[in-house]
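# Chains, contacts and geometry: an overview
Now for the letters of each chain:
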Amino acid sequence: MPDEPAADAPDLEPRKGSPSPRLDESEFKTRFLSQFMDAAYQPLEAELGKLAAAAWDAYAHSRKSPITRKAGPGFADPDYDLAVNWIVASGEIRAAQARFEDERAPSRVLLINGSSRSEHTCPGELSKSFRMVEIAKEVFAAAGAIVNVLDLSRIASEYGRQIHPCKACFSTSAALCHWPCSCYPNYSLGQIHDWMNDIYPMWVEAHGIMIVSPVNWYQTSSPLKLMIDRLVCADGGNPDPTSTHGKHAKEAKELEMQGWDYPRHLSGRLFSVVVHGDTEGVENVRHSVSNWLTSMDLIPAGALVEVERYIGYWEPYATSHDAFERDKAFQEEVRNAARTLLEGITSRRNSKMVTAGRRLKQPREK
């Protein structure tokens, strides 16, 4: 008889039971064709019908990653058919890590505009966050740093620019959350145009990250939160999808239970956070973002890099830019946050920045 599992052995079978989201052919094609409402598509009705039929075939057969190749040497299962887009994304991350480690190269800063507002869509006006990013950018550029601006407002204004939501693979098993994320693109579900494979190398190559965010209902903006969630794979994620043969939950659980080391792929980068609001919530949002970065083993560069301020407190929204222009002290605080981040980067790259306790091993990783 086969060995019986120990009475106290954990049950690693994935729990199931939620209702299926699968569509029938009619509903699928209705949704697929709904993106072609413009009159310019009317002469193409026959061609669109053929496209809908092809899309249904991909959906019905769940062809998530139609273009693959053998993983090859260096992977747990070299014979596994790995998605080519994941292979490319992983290569970009390795190249970014090499840039980060190049001691001869200039310092690199990732400057993030967390607001979704811009004059290129419905609001018709740029955000105050963008203006703060421009102020900080001048400081970094004047010091000779390489500045990469990540403007998350493009999610709301640029065609095909998306960050899809995290599917919470990590909560099933850390080993199931791949670095970089392998959940997207999913061609069978039409989950394409995902921006994160471009964003991951931006974080990896940066010696310092500065995030500027407004307060939206006591929270960060939607685009910033999407990016935050999708960076979970950077903190404990699995760099080898073949070790779980893709998304096989039980295999991932078994691998994690063998002893997972929770690799911190962004460890040691420095950060700055500037949060602004008009009525409430700045302290909570600043704490939330700073705590998230610290939990990923990033380091605040100094006391002046974390800023939380109100602009035009309880004043009309229509005059908020006027209020920002009058608040010269806040503008200088943004500059000081950038200057402090730069100073921290320089000290750290010259091995002069001391962070007490950095070499201590945490008894529990995550």
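The notes below deal with the structure included here. Just so it is clear, the model here is predicted, and its values are computed rather than measured. (Residues numbered from 1 in each chain as written. Predicted model: local features only at pLDDT ≥ 70, side-chain atom pairs only at ≥ 80, totals over all residues. Heavy atoms only, no water.)

In terms of regular secondary structure, the protein chain is built from twelve helices and eight strands. For the C-alpha atoms alone, the extent of the protein chain along its principal axes is close to 70 × 60 × 40 Å. Of all intrachain contacts in the protein chain linking residues separated by at least 6 positions in sequence, the fraction that spans at least 24 positions is 77%. Accessible surface, the protein chain: about 20000 Å² in total, of which carbon and sulfur atoms supply 52%. The centroid of the 42 positive side-chain charges in the protein chain is displaced by 3 Å from the centroid of its 49 negative side-chain charges. (Helix = DSSP H or I, 4+ residues; strand = E, 2+ residues; numbered from the N terminus. Contact = heavy atoms within 4.5 Å. Areas by Shrake-Rupley, 256 points an atom, 1.4 Å probe, with all protein chains shown as cover. Lys, Arg positive; Asp, Glu negative; His and termini not counted. Charge placed at Lys NZ, Arg CZ, Asp CG, Glu CD.)

Before going further, it helps to spend a moment on the nonpolar core. Trp203, Met227 and Leu293 are the most contacted members of the largest nonpolar core, which totals 49 residues. Among the elements that take part in this core, helix 7 (residues 196-205) stands out by supplying six residues, more than any other. With residues up to four places along the chain from it excluded, the contact list for Leu293 reads Trp203, Ile211, Phe271, Val273 and Leu298. Ranked by size, the runner-up nonpolar core spans 28 residues in total, among them Val109, Val274, Ala323 and Val334. (Core = buried A, V, L, I, M, F, W, Y, C linked by side-chain atoms within 4.5 Å. Buried < 20%, exposed > 50% of the residue type's maximum accessible area, 1.4 Å probe, protein only.)

Per the counting criterion, the structure on display carries 13 aromatic pairs. Seen from their ring centres, Phe28 and Phe32 are 6.3 Å apart, and the 15° between their planes marks the pair as stacked. With a gap of four residues between them, Phe28 and Phe32 both fall in helix 1 (residues 25-33), about one helical turn apart. Owing to a relative accessible area of 10%, Phe28 belongs among the buried residues under this scheme. (Phe/Tyr/Trp six-rings, centres within 6.5 Å; stacked < 30°, edge-to-face > 60°.)

According to the stated counting rule, one finds 23 salt bridges in the structure shown. Residue Arg309 is joined to Glu333 by a salt bridge in which the shortest nitrogen-to-oxygen separation is 2.7 Å. With Arg309 in strand 8 (residues 306-310) and Glu333 in helix 12 (residues 328-349), this residue pair connects regions lying 24 residues apart in the sequence. On the accessibility criterion, Arg309 (35% relative accessible area) is partly exposed. When its relative accessible area of 23% is taken as the criterion, Glu333 is described as partly exposed. If you follow the salt bridges from partner to partner, you end up with Arg154, Glu158, Arg161 and Asp198 in one network. (Salt bridge = Lys/Arg side-chain N within 4 Å of Asp/Glu carboxyl O.)

Let us look at the side chain of Asn186. You can see Asn186 is positioned in the loop between helix 6 (169-172) and helix 7. Of note is the side chain of Asn186, whose polar atom sits 2.8 Å from the side chain of Ser188. Ignoring sequence-local partners within four residues, the contact set of Asn186 consists of Lys64, Lys167 and Gln191. (Polar contact = N/O pair within 3.5 Å; in protein donor to acceptor, adjacent residues only side chain to side chain.)

So, about helix 2 (residues 45-60). Between its first and last C-alpha atoms helix 2 spans 22 Å; for 16 residues at 1.5 Å apiece the expected length is 22 Å, and the two agree. All of the buried residues along helix 2 are Leu48, Ala52, Ala55, Trp56, Ala58 and Tyr59. Seen from one end, helix 2 has its buried residues packed into an arc of 160°, which puts them on one side. Along helix 2, exposed side chains directed more than 90 degrees from the buried face belong to Ala46 and Lys50. Buried residues along helix 2 sit against helix 1. At the C-terminal side of helix 2, Ser62 shows a positive phi close to 50°. (Expected span 1.5 Å × (residues − 1). Arc of directions from axis to C-beta.)

On to the environment of Ala136, then. In this structure, Ala136 sits in helix 4 (residues 128-142). In this structure, the C-alpha to C-alpha distance between Ala136 and Thr244, residues 108 residues apart in sequence, is 42 Å.

Attention now moves to the packing of helix 3 (residues 84-101) against helix 7. Packing of helix 3 against helix 7 leaves a shortest axis separation of 8 Å and a crossing angle of 20°. Our classification of the angle between helix 3 and helix 7 gives roughly parallel. For the crossing formed where helix 3 meets helix 7, the hand is right-handed. Contact with helix 3, carried on its side by Asn85, Ala89, Glu92, Ile93, Ala96, Gln97, Arg99 and Phe100, involves Asn197, Tyr200, Pro201, Val204 and Glu205 of helix 7 and no other residues of that element. (Axes fitted to C-alpha atoms, helices over the stretch in contact; angles between N-to-C directions. Parallel < 35°, antiparallel > 145°, perpendicular 65-115°, else oblique. Left-handed = near helix turned anticlockwise from the far one by under 90°.)

Together, Tyr310, Tyr313 and Trp314 line one region of the surface with nonpolar side chains, adding up to about 370 Å² of accessible area. You can see Trp314 is positioned in the loop between strand 8 and helix 11 (320-326). (Patch = residues over 30% accessible without salt bridge, like charges linked within 9 Å, V, L, I, M, F, W, Y side chains within 5 Å.)

Another point: helix 12. Look at helix 12: 32 Å from first C-alpha to last across 22 residues, which is about the 32 Å you get at 1.5 Å a residue. Within helix 12 the residues assigned to the buried category are Phe330, Gln331, Val334, Ala337, Ala338, Thr340, Leu341, Leu342, Gly344 and Ile345. Residues of helix 12 that are buried make contact with strand 3 (108-113), helix 4, strand 5 (208-214), strand 6 (270-277), strand 8 and helix 11. Following helix 12 by one or two positions, Ser351 adopts a phi angle in the positive range, close to 60°.

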